[in-house]
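Observations on the three-dimensional arrangement
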2 protein chains.
Amino acid sequence: MAPVKLGLVGIGKIARDQHLPSLSRSADFDLIAAASRNAGVDGIANFSSSGEMLAAMPEIAAVSLCMPPQARHQVAAEALAMGKHVMLEKPPGATLSEVEQLAGLAASNGVSLFATWHSRHAPGVEPARDWLKGRRIRKVTVTWKEDVRHWHPGQDWIFEPGGLGVFDPGINALSIVTRILPFPIWLTGAELTFPENRQAPIAADLAFAGPSGEAVEAVFDFRQTGLQTWDIVVETDGGTLKLSMGGAKLFVDGEERGLGPEAEYGGLYARFAELIAAGQSEVDLSPLRHVADAFLLGRRAVTEPFVFDPPAAP
Amino acid sequence: MAPVKLGLVGIGKIARDQHLPSLSRSADFDLIAAASRNAGVDGIANFSSSGEMLAAMPEIAAVSLCMPPQARHQVAAEALAMGKHVMLEKPPGATLSEVEQLAGLAASNGVSLFATWHSRHAPGVEPARDWLKGRRIRKVTVTWKEDVRHWHPGQDWIFEPGGLGVFDPGINALSIVTRILPFPIWLTGAELTFPENRQAPIAADLAFAGPSGEAVEAVFDFRQTGLQTWDIVVETDGGTLKLSMGGAKLFVDGEERGLGPEAEYGGLYARFAELIAAGQSEVDLSPLRHVADAFLLGRRAVTEPFVFDPPAAP
């Protein structure tokens, strides 16, 4: 198959850190244009909006959207209506319903929609899923603690409504959990901690249940300095599995298993190419549904204000 | 078909106001038992829990659950696993995911699950849906204002996490809107007003969009004394439709249309009987999904504390 001509929309941190390097290595896609309000990509055509880009370059067959979720739906709907294949960064939207609408639009226009969960392409995830099959799972403990100032420097959108706060990384954990467990889970209780000056939580404690009394507990915290933790521990009747470093490392009863190299975004673009070739979409909303459930059912606590750059001590 | 032997779980206000009178008139169901922590129903077998009821009376083929949503999942899951048909009051659960799990359980046990939306059975709803078909819709305005002290006296659960606050009535409006509109809508913005001593909102302003730029605006308020309002106005290229009194009255360009009598819960039990006879389930989560979206995307405002019985003035 000839490479699919692609336009990238939203040239921010995640585009530069992940999408551009992966696309430069991809044989499936030919990145020919970018659209961004404030930034550009050297060596390709640049536009200030997706609409301008698609109008000027009708040869673009697919777009990949990397801007914050609050702005994603309109651009995605416009591209799908023009018959373009669309790949969405996580989370796929600011609401569940808008992504459902996009899925319907993709189907009615005969194009592929791919709602990505990059953490599912971490090298330990599929081996973990395979190892858990057929074992009796007792308890799952998720610890996802990182420093928002390091990973999202100055990104105020993350604490705006729809920005998800600590669920922006936490949804990565949920995307892995919902992939590796062989049964569905549902939230039974949550406490969400909001800085008093912010609209999205900075920390969350979640409890889920599974169909045979399995317990899933998750702690998300955006205030972690020093050691960062992205761990999922699964206790079973046949030993304990641990995914560390967001799925990059896998341990069984403390013994590390050999894994392939990290290639999350390479995996996403390979999957997007497969979906386009097969004429299919992939839109699994379960991670975002669990987050929406946490906002719906969560008890709210308020904590001290959060600012990205606290004033220096006098 | 012989009447289906039914057990009713949760004997509170909605059971007495609606379920018991409708069941007494239903030829489809034979109410033979009730389960409730604090109350009973004269003339039938009474139990303090659903589990005791189902263990003692295996002839019960179906259960109808009327307790608050926070407690519904466990009872429903247990009944479905025992091969009982289950009808759920609205909202069908405290989270979306737990209801998805119930739907899977109903399918795997070959029984019917019916997630009810009683307002969809208001007499004006199907005529409104029919009238809107083929008309171009421009704008929908929903006004749902009622006095929580009158309709939910002392029901503190409604302001607990999972109780939905003003979305408890508001979800009725959303259940009608999602039934009468011929296209999907999605939330684009919301402001939720929380009493500073409560975990669920007492008022909400919502904005939704439709696929051709249609605007849907909704105002929910639980603090309305005096005149109560449950109106949905739909402006189209062929006139203006208004559903009033929660769907009990229908007007086109100000002229009232004749409708059948109010029979919401009679309609629900008739539909439940149809589903059981056909071996089908009906679980449309879209109203609850819109509420979850509102909690997810909504901007939060805080207002004065709310108490059900304010102390008398000195």
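Here's what I pulled together on the structure shown here. (Residues numbered from 1 in each chain as written. Chains lettered and ligands numbered in written order. Predicted model: local features only at pLDDT ≥ 70, side-chain atom pairs only at ≥ 80, totals over all residues. Heavy atoms only, no water.)

Some points on the sheet that holds strand 1 (residues 4-9) of chain A
Residue and element names in this part refer to chain A.
- Taken in spatial order, the 6 strands of this open sheet run 3-2-1-4-5-6, and their pairing is parallel. Strand pairing shows two members of the sheet lacking a second neighbour, strand 3 (45-47) and strand 6 (113-115), which therefore form its edges. On average, each strand axis in the sheet is inclined to that of its neighbour by 25 degrees, with strand direction left out of account.
- Two strands pair when backbone bridges link them, and strand 1 and strand 4 (residues 62-65) are joined in this way by 4 bridges, in the parallel orientation. In the strand pairing of strand 4, Gly7 is matched with Val63.
- Running over the sheet, helix 1 (residues 13-25) touches strand 1, strand 2 (29-35), strand 4 and strand 5 (85-88) and is turned about 170 degrees from strand 1. (Pairing = 2+ DSSP bridges. Helix = DSSP H or I, 4+ residues; strand = E, 2+ residues; numbered from the N terminus. Axes fitted to C-alpha atoms, helices over the stretch in contact; angles between N-to-C directions. Contact = heavy atoms within 4.5 Å.)

Some remarks on helix 5 (residues 125-132) of chain B
Residues and elements named next belong to chain B.
- Within helix 5, the full set of buried residues consists of Val125, Ala128, Trp131 and Leu132. Projected down its long axis, helix 5 carries its buried residues within an arc of 125 degrees, all on one side.
- Close packing links the buried residues of helix 5 with strand 7 (137-145), helix 7 (167-180), strand 11 (229-236), strand 12 (239-244), strand 13 (249-252) and strand 14 (255-257).
- Within two residues after helix 5, Gly134 carries a phi angle of roughly 85 degrees, on the positive side. (Buried < 20%, exposed > 50% of the residue type's maximum accessible area, 1.4 Å probe, protein only. Arc of directions from axis to C-beta.)

Details of the relation of the copies chain A and chain B
- With an RMSD of 0.0 Å, chain A superimposes on chain B once it is rotated by 180 degrees and translated 0.0 Å along the axis. On this basis, the relationship between the two copies can be described by a two-fold rotation axis.
- Looking at chain A, 100% of its interface residues are interface residues in chain B too, so the copies touch through the same face. (Least-squares fit on C-alpha atoms with pLDDT ≥ 70 in both.)

Brief notes about the side chain of Glu89(B)
All names here are of chain B.
- Residue placement: Glu89 occurs in the loop between strand 5 (85-88) and helix 4 (96-109).
- For the buried residue Glu89, which engages in no salt bridge, the nearest side chain bearing the opposite charge is Lys90, 5.8 Å off.
- Separated by 2.8 Å, the side chains of Glu89 and His19 make a polar contact.
- Apart from the residues lying within four places of it in its own chain, the contact partners of Glu89 are Ile14, His19, Leu65, Cys66, Arg72, Thr116, His118 and Tyr265. (Lys, Arg positive; Asp, Glu negative; His and termini not counted. Salt bridge = Lys/Arg side-chain N within 4 Å of Asp/Glu carboxyl O. Polar contact = N/O pair within 3.5 Å; in protein donor to acceptor, adjacent residues only side chain to side chain.)

Some words on the environment of Val177(A)
All names here are of chain A.
- Note that Val177 resides in helix 7 (residues 167-180).
- Under the relative-accessibility criterion, Val177 is labelled buried at 1%.
- A C-alpha to C-alpha distance of 9.7 Å links Val177 and Val234, two positions 57 residues apart in sequence.
- Among all residues touching Val177, those that are not within four sequence positions of it are Val142, Ile185 and Ile232.

Examining the interface of chain A and chain B
- Between chain A and chain B, the contact holds 30 residues from the first and 30 residues from the second.
- Sorting the residues of chain A by area buried against chain B places Ser97(A), Trp186(A) and Leu296(A) first, and these three jointly supply 24% of that buried surface.
- For the pair chain A and chain B, the number of links is 4 salt bridges.
- Between Arg299(A) and Glu160(B) there is a salt bridge, and its shortest N-O distance comes to 2.8 Å. (Buried area = accessible area lost by both parts, 1.4 Å probe.)

What to know about the packing of helix 5 (residues 125-132) of chain A against helix 7 of chain A
- Contact geometry of helix 5 of chain A with helix 7 of chain A gives a least axis separation of 9 Å together with a crossing angle of 40 degrees. Residue-level inspection shows Val125(A), Glu126(A), Ala128(A), Arg129(A) and Leu132(A) of helix 5 of chain A in contact with helix 7 of chain A, the latter providing Ile176(A), Arg179(A) and Ile180(A).

Quick look at the packing of aromatic side chains
- Counted according to the given criterion, the structure contains 20 aromatic pairs over all chains.
- For the ring pair Phe29(B) and Tyr269(B), a centre distance of 5.6 Å and an interplane angle of 70 degrees mean the geometry is edge-to-face. Taken together, the positions of Phe29(B) in strand 2 (residues 29-35) and Tyr269(B) in helix 8 (residues 264-278) put the pair 240 residues apart, joining distant regions of the chain. Taken individually, Phe29(B) and Tyr269(B) each receive the classification buried, so the pair is uniform in this respect.
- A centroid spacing of 5.7 Å and a plane angle of 90 degrees characterise the contact between Phe167(B) and Phe220(B), whose relative ring orientation is edge-to-face. Taken together, the residues Phe167(B) in helix 7 and Phe220(B) in strand 10 (residues 215-221) connect sequence positions 53 residues apart.
- Ring-pair connections join several aromatic residues into one group, and the members of that group are Phe29(A), Phe114(A), Tyr269(A) and Phe272(A).
- The residue whose ring lies beneath Arg300(B) is Phe194(B), and the NZ or CZ to ring-centre distance is 3.8 Å. (Phe/Tyr/Trp six-rings, centres within 6.5 Å; stacked < 30°, edge-to-face > 60°. Lys NZ or Arg CZ within 6 Å of the ring centre and 35° of its normal.)

Describing the pattern of salt bridges
Residue and element names in this part refer to chain A.
- For the structure on display, the rule yields 30 salt bridges over all chains.
- Residue Glu274 pairs with Arg271 through a salt bridge whose shortest N-O separation is 2.7 Å. Here Glu274 pairs with Arg271, and both are found in helix 8 (residues 264-278), just 3 residues apart, close to one helical turn.
- Given the relative accessible area of 45%, Glu274 is considered partly exposed.
- Of the charged contacts, one joins Arg271 and Glu282 as a salt bridge, the two residues approaching to 2.6 Å between their closest N and O atoms. Of this pair, Arg271 sits in helix 8 while Glu282 sits in the loop between helix 8 and helix 9 (286-297); the two residues are 11 residues apart in sequence, bridging distant segments of the chain.

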